[in-house]
Amino acid sequence: MINLHRKYVIITNQWGGFVKKKKKIVISSKIIIIIIAACLFISLVINIYLFSIKKAVNMLDENIVFFGDSITEVYKVDEFFPKRNVINSGISGDRTENLLERMDDVYRYNPSKVFLLIGINDLNREKSIDEITKNIQKIINNIKANRKYTKIYIESVYPINRNVFEEKDYSFNEKINNDIIKELNNKIKILCKENKIQYIDVYNSLLDNDGNLKDIYTNEGLHLSDLGYFKVTTSLNKYINE
């Protein structure tokens, strides 16, 4: 038994006088052990929780996902951003609806940032601008719902060059031109503003004096050359490093 506290009580003796006598209040050592164990357990739980939060933050800081079609797929992001843990999740031929089907290619990396470039294949398949932007909105909603700490960046759709198409004998929907792409980009820009996410205007940085994709920036009028990707990288660096 452990003595925790003492206090005096007044009692009468056998002769009728008053004397002071100490009264002991004791508590079991088992209770003390239980209290200490409970405190240690609570402390352990708190430390595990704080560690899990720190680990989650570190995971977010590590991964940057590039999500899109073949223009993303060909982008050698690991070479252009060697000091960053970048993941290329571009797949050739993908449209907005395909990205919606493979959102796990974003979620699995628990990214701090996602750079989205999509829409040119939708235009090639004659999808309406409204349909494209509605699907982009769904992509935004999915990322926000499943990875709420992930920052979303949406790039403008890049320009094309029909003169190079002809030179390289490259087939692409004849109905699609840079005016339509600019219209789509304007809608995407508005969408970004409404969702309070970053829109990145890469389109204008790739133009020549005639308003087409600069020939040194492309292989066949649609996909970019290494020099074209270098130009894109200069536009994205600010957002990669922020």
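Scroll up for the structure.
Described below are features of the structure shown in this document.

### Re the overall build of the chain
Moving on, step 1. Across its full length, the chain holds ten helices and seven strands.
Moving on, step 2. Considering only contacts in the chain between residues 6 or more positions apart, those separated by 24 or more positions represent 64%.

### Considering helix H9 (residues 178-195)
Moving on, step 1. The first and last C-alpha atoms of H9 sit 25 Å apart over 18 residues, in line with the 26 Å expected at 1.5 Å per residue.
Moving on, step 2. Buried within H9 are the following residues: Asn178, Ile181, Leu184, Asn185, Ile188, Leu191, Cys192 and Asn195. Down the axis of H9, the buried side of the element spans an arc of 130 degrees, and every buried residue falls inside it. With respect to the buried face of H9, the exposed residues turned more than 90 degrees away are Asp179, Lys193 and Glu194.
Moving on, step 3. Immediately beyond the C-terminal end of H9, within one or two residues, lies Lys196, with a positive phi of roughly 55 degrees.

### Thoughts on unusual backbone geometry
What is expected of a backbone is that most residues other than glycine have negative phi and most peptide bonds are trans.
Moving on, step 1. Residues other than glycine seldom take positive phi values, yet Asn110 does so here, at roughly 45 degrees.
Moving on, step 2. Relative to the assigned elements, Asn110 resides in the loop between helix H5 (104-107) and strand S5 (113-117).

### Topic: the side chain of His223
Moving on, step 1. Relative to the elements of secondary structure, His223 occurs in the loop between strand S7 (198-200) and helix H10 (226-241).
Moving on, step 2. Given a relative accessible area of 15%, His223 falls into the buried group.

### What about the packing of aromatic side chains?
Moving on, step 1. For the structure on display, the rule yields ten aromatic pairs.
Moving on, step 2. Between the aromatic rings of Phe115 and Tyr153, the centroid separation amounts to 4.6 Å while the plane-to-plane angle is 5 degrees, which identifies the pairing as stacked. Taken together, the residues span a long stretch of sequence, with Phe115 in strand S5 and Tyr153 in strand S6 (residues 151-155) at a distance of 38 residues. The exposure classification of Phe115 matches that of Tyr153, with both residues buried.
Moving on, step 3. Centre to centre, the rings of Phe165 and Tyr170 are 5.4 Å apart; their planes meet at 35 degrees, and the pair counts as tilted.
Moving on, step 4. For Tyr170, a relative accessible area of 28% corresponds to the partly exposed category.
Moving on, step 5. Each member of the aromatic cluster is reached from another via a ring pair, and the members are Phe66, Tyr75, Phe80, Phe81, Phe115, Tyr153, Tyr229 and Tyr239.

### Considerations on the sheet that holds strand S4 (residues 86-90)
Moving on, step 1. Taken in spatial order, the five strands of this open sheet run S4-S3-S5-S6-S7, and their pairing is parallel. Sheet topology places S4 and S7 at the edges, where each strand pairs with a single neighbour. On average, adjacent strands in this sheet sit at an angle of 20 degrees to one another, irrespective of strand direction.
Moving on, step 2. Sheet analysis places S6 next to S7, joined by three bridges and oriented parallel. For Ile154, the partnering residue across the bridge sits in S7 and is Tyr199.
Moving on, step 3. Across the sheet, H9 lies against S6 and S7, angled at about 155 degrees from S7, the strand it touches most.

### What to know about the side chain of Asp69
Moving on, step 1. Note that Asp69 resides in the loop between strand S3 (64-68) and helix H2 (70-73).
Moving on, step 2. The side chain of Asp69 is buried and forms no salt bridge, while Arg102, the nearest opposite charge, is found at 8.2 Å.
Moving on, step 3. Separated by 3.0 Å, the side chain of Asp69 and the backbone nitrogen of Ile71 make a polar contact.

### Quick look at the pattern of salt bridges
Moving on, step 1. Enumeration over the complete set of coordinates arrives at nine salt bridges.
Moving on, step 2. Two residues, Asp105 and Arg108, come together in a salt bridge whose shortest N-O distance is 3.1 Å.
Moving on, step 3. With a closest N to O distance of 3.7 Å, Lys182 and Asp179 form a salt bridge. Note that Lys182 and Asp179 are positioned in helix H9 at a spacing of three residues, about one turn of the helix.
Moving on, step 4. Residue classification places Asp179 among the exposed residues on the basis of a relative accessible area of 54%.
Moving on, step 5. Put simply, Asp94, Arg102, Asp105 and Arg108 are held in one network by salt bridges that share partners.

### Thoughts on the packing of helix H7 (residues 129-146) against H9
Moving on, step 1. At a minimum axis distance of 10 Å, the contact between H7 and H9 shows a crossing angle of 35 degrees. Here H7 runs over H9; the crossing is right-handed. Residues Ile129, Ile132, Thr133, Ile136, Gln137, Ile140, Asn141 and Lys144 of H7 touch H9, and the partners they reach there are Ile180, Glu183, Leu184, Lys187, Ile188, Leu191 and Asn195.
Moving on, step 2. Tallied by class, the residues present in the contact of H7 with H9 amount to eight nonpolar, four polar and three charged.

The rules behind each value
Residues numbered from 1 in each chain as written. Predicted model: local features only at pLDDT ≥ 70, side-chain atom pairs only at ≥ 80, totals over all residues. Heavy atoms only, no water. Helix = DSSP H or I, 4+ residues; strand = E, 2+ residues; numbered from the N terminus. Contact = heavy atoms within 4.5 Å. Expected span 1.5 Å × (residues − 1). Buried < 20%, exposed > 50% of the residue type's maximum accessible area, 1.4 Å probe, protein only. Arc of directions from axis to C-beta. Phe/Tyr/Trp six-rings, centres within 6.5 Å; stacked < 30°, edge-to-face > 60°. Pairing = 2+ DSSP bridges. Axes fitted to C-alpha atoms, helices over the stretch in contact; angles between N-to-C directions. Lys, Arg positive; Asp, Glu negative; His and termini not counted. Salt bridge = Lys/Arg side-chain N within 4 Å of Asp/Glu carboxyl O. Polar contact = N/O pair within 3.5 Å; in protein donor to acceptor, adjacent residues only side chain to side chain. Left-handed = near helix turned anticlockwise from the far one by under 90°. Nonpolar A, V, L, I, M, F, W, Y, C, P; charged D, E, K, R; others polar.

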